[in-house]
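Observations on chain architecture
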Amino acid sequence: MLDSSHSGPTQPPEIAPSPQLRRELRGWTRDLAVALGLALVIIIFLYQPVKVEGTSMAPLLSDQERIFINKFVYRFEPIGRGDVIVFWYPLDRSKSFIKRVIGLPGDTIEIRSGHLYLDGKELREPYVPAFYLDGSSYALRRIPADNYFVMGDHRDSSNDSRMFGPVPRQYIYGKAVFAYWPVDHFGSLALSSTVNAASK
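First, a word on scope: everything that follows refers to the structure included in this document. (Residues numbered from 1 in each chain as written. Predicted model: local features only at pLDDT ≥ 70, side-chain atom pairs only at ≥ 80, totals over all residues. Heavy atoms only, no water.)

Brief notes about the pattern of salt bridges
- Applying the stated rule across the entire model yields 10 salt bridges.
- Close ionic contact of Arg100 with Asp153 constitutes a salt bridge, the shortest N to O distance being 2.7 Å. Of the two residues, Arg100 is situated in strand S4 (residues 96-103) and Asp153 in the loop between strand S9 (147-151) and helix H2 (161-164); the sequence distance between them amounts to 53 residues.
- The exposure class assigned to Arg100 is buried, which follows from its relative accessible area of 0%.
- Linking Arg162 and Asp160 is a salt bridge whose minimum nitrogen-to-oxygen distance equals 2.8 Å. In this pair, the class of Arg162 matches that of Asp160, namely buried.
- A network of salt bridges, in which partner residues are shared, links Glu77, Asp83 and Lys175. (Salt bridge = Lys/Arg side-chain N within 4 Å of Asp/Glu carboxyl O. Helix = DSSP H or I, 4+ residues; strand = E, 2+ residues; numbered from the N terminus. Buried < 20%, exposed > 50% of the residue type's maximum accessible area, 1.4 Å probe, protein only.)

Right under this line is the structure:
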């Protein structure tokens with residue numbers, strides 16, 4: 001027989017967290033909240049999400065791809081050759097374009113049957129597949145001060161400085177830095193934007 005009047009084993013008393021542990025938890029929570037807040041501020045004020053429309057920057061960027069642009073980077077560093085930039089379309093400032101910087105202020109630009117010459121030397125463009133080149137030509141010209149010659153990597157489907165001329169500095173408002181959608185394109189755009197100018 002079992003004696004129902006006999007109580008079961010005594011439960012050990014619960015141990016409350018020590019004051020030091022509570023202080024540490026509060027500190028970690030506060031630090032995490034601050035870090036998340038700073039990250040949110042950086043994303044909102046320094047970066048801007050942009051949807052790419054069209055194929056003029058293929059294969060680097062595809063139609064409907066989502067990227068982040070840095071809106072403040074050019075306050076601290078100069079615009080560089082090879083940068084992929086976002087700017088107001090010079091002929092209609094209600095529209096934004098995304099292209100690659102090819103020529104800097106003071107450079108001379110010439111295109112002969114699709115081959116681009118910078119200051120008299122053919123520009124190596126590893127980011128442009130051969131089947132994306134076109135056979136167009138562009139007469140030799142010098143880029144004015146505070147202007148930039150821009151082109152799409154998909155040369156035969158790009159409306160760029162060959163059509164509307166160099167882009168004034170004040171129209172440029174961001175640098176493409178990071179792709180986040182689709183997920184197979186996730187990552188930095190910096191390595192893909194390197195340009196080497198050399199004589200072939």
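Details of the nonpolar core
- Core analysis: the largest hydrophobic core is formed by 15 residues, its most contacted members being Ile85, Phe87, Val101, Val150, Phe164, Val167 and Ile172.
- Sorting the residues of this core by element identifies strand S3 (84-88), S4 and S9 as the ones contributing at least two each.
- In contact with Ile85, other than residues within four places in its own chain, are Tyr74, Phe97, Ile98, Lys99, Val101, Val150, Ile172, Gly174 and Lys175.
- Ala58, Ile102, Tyr132 and Tyr138 belong to the second-largest nonpolar core, a separate cluster that totals 14 residues. (Core = buried A, V, L, I, M, F, W, Y, C linked by side-chain atoms within 4.5 Å. Contact = heavy atoms within 4.5 Å.)

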